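# Fold and contact review
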Amino acid sequence: MTRLLYLLYVRSAFVTFALLEIASAWLITAQHVQERNWGYSNHRLVAACCALISKISAYPKLRSVNTALQCENALLREQLLQVTRRKIPTNAPAIPARYALVPARVINNTIVHTRNYLTLDKGAAHGLEPGMGVVGPKGIVGKIKMVSEQFSTVVPLLHIDVLTSAKLACSGVMGTVQWSGQDPFTVQLRYVPRHVVISPGEAVVTSGYNAVFFEGALIGYVKRATLRPEAPFYNIELSLSTDFSALQYVYVVTDKWKKQKAQLEYRTQMHYD
């Protein structure tokens, strides 16, 4: 032990130099690691700031982007309607060109009253007229009640006075859809005779018997069908395909043949009267 201490004393200068070298190497390595970590954190901070600035600058453009997407959806839905209609046997060869869709945004909506209404951001300036049908991304919505130059109001299915001609998609049996004024997710399908076979989940669509909606627009699905022993018709509840509480964008159905059809029917009625 004495010799070891004597050796360290004699070689103290070398030992001190070696310790200083080791300490210097450790400090250089630690500084390099720290700079690398700081640089990584700095890059993450810069990237986060750039992403935030990008989101802020893009926010004012969302309205125009949504409008463009809505117009594109209207065009695609119109093309889909044409393809679907070609599969339906008909004597009128130009039926696919009969309808067009005008996109609109819902700017006011009520679902808690017995006579609800919607307000759209489109009006007479955009070709809208009272009586036109309104559909949403998942099914029919209602029909236009009144229009101003830039706005219009819609009477939806959630209105106790609205009657919509409908049919069961599988059997084609006709009925009338009406809301009871209670559950905003459920309507009733009336006047379906007792001999019809009805399956839960069966789709119910528009019949096309009026000028408001084209044939085959989805209304909802059979939720429950009950039949009393003495009743001639079913009591059918439908789950609406459209969620009116979350409705933001709709499409107004314009019928290019509506006036022609109305004029012909009027002349026919006047002829027999």
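Each chain has its residues counted from 1, running along the sequence as written. Totals for whole chains, interfaces and linings use every residue, but because this is a predicted model, local features are given only for residues with pLDDT of at least 70 and side-chain atom pairs only at 80 or more, for both listing and counting. Excluding hydrogens and water, the side-chain values take into account all heavy atoms of the structure.

## What to know about the overall build of the protein
Strands are runs of DSSP state E lasting at least 2 residues, helices are runs of H or I lasting at least 4, and numbering of each runs from the N terminus. Of the regular secondary structure elements, the protein holds 4 helices and 12 strands. For every residue, the accessible area (1.4 Å probe, protein chains only) is compared with the maximum for its type, and the residue is labelled buried under 20%, exposed over 50%, or partly exposed between those bounds. Relative to its full complement of 273 residues, the protein shows a buried share of 32%. Throughout, a contact is declared for two residues whenever any of their heavy atoms are within 4.5 Å. In the protein, the proportion of contacts linking residues at least 24 apart, taken out of those at least 6 apart, comes to 58%.

## A word on the pattern of salt bridges
A pair is scored as a salt bridge if a Lys or Arg side-chain nitrogen falls within 4 Å of a carboxyl oxygen belonging to Asp or Glu. Tallied over the entire structure, the rule returns 6 salt bridges. The closest approach of N and O atoms between arginine 105 and aspartate 121, which form a salt bridge, is 3.9 Å. With arginine 105 in strand S1 (residues 99-109) and aspartate 121 in the loop between strand S2 (118-120) and strand S3 (133-136), the pair connects residues that are 16 residues apart, well separated along the chain. On the basis of relative accessible area, arginine 105 is assigned to the partly exposed category, the value being 25%. For arginine 115, the salt bridge goes to aspartate 161, with nearest N and O atoms at 2.8 Å. Of this pair, arginine 115 sits in the loop between S1 and S2 while aspartate 161 sits in the loop between strand S5 (152-156) and strand S6 (164-168), and the two are 46 residues apart along the sequence.

## A short note on the sheet that holds S5
If you trace the 6 strands once around the closed barrel, you get S1-S2-S5-S4-S3-S12, paired in antiparallel fashion. Put simply, the sheet's adjacent strands are angled 45° from each other on average, direction ignored. By this definition, two strands are paired if DSSP reports at least two bridges between them. Alignment of strand S4 (residues 139-147) against S5, held across 5 bridges, turns out to be antiparallel. Residue pairing in the sheet places valine 147 in a bridge with serine 152 of S5. Only the stretch in contact is used when fitting a helix axis, every axis being a line fitted to C-alpha atoms; angles between N-to-C directions are given from 0 to 180 degrees.

## Side note on the sheet that holds strand S9 (residues 203-206)
Taken in spatial order, the 6 strands close into a barrel running S6-S7-S8-S11-S10-S9, and their pairing is antiparallel. In this sheet, adjacent strand axes meet at a mean angle of 40° when their direction is disregarded. Taken together, the 3 bridges between S9 and strand S10 (residues 218-226) define a ladder with antiparallel strand orientation. Residue pairing in the sheet places valine 204 in a bridge with glycine 220 of S10.

## So, the confidence of the model for the protein
Where the model shows low pLDDT, its predicted coordinates should not be examined in detail. Note: pLDDT gives the predictor's confidence per residue, expressed from 0 to 100. The predicted model of the protein has a mean per-residue pLDDT of 80, with 66% of residues at 70 or higher. Considering only residues more than four positions removed or in separate chains, one finds that residues 83-96, a stretch of pLDDT under 50, has 8 contacts.

## Observations concerning the pairing of S3
Side chains Gly133 and Val135 of S3 all project onto a buried face; the interleaved residues Val134 and Gly136 project onto the opposite face, where all are buried too. Bridging between S3 and S4 involves 4 bridges; their strand directions are antiparallel. Across the sheet, the residue bridging to glycine 136 is glycine 139, located in S4. Between the antiparallel neighbours S3 and S4 lie 2 residues. The pairing of S3 with strand S12 (residues 249-255) spans 3 bridges and is antiparallel. Across the sheet, residue valine 135 finds its bridge partner in S12, namely tyrosine 251.

## With respect to unusual backbone geometry
Across residues other than glycine, the phi torsion is negative in most instances, and most of the peptide bonds are trans. Of note in this structure, tyrosine 191 is not a glycine but carries a positive phi near 65°. Here tyrosine 191 shows up in the loop between strand S8 (186-190) and S9.

## A few points about the pairing of S12
The buried fraction of S12 is high, at 6 of 7 residues. Where S1 and S12 come together, 7 bridges link them in antiparallel fashion. Within S12, the residue paired with tyrosine 99 across the bridge is aspartate 255.

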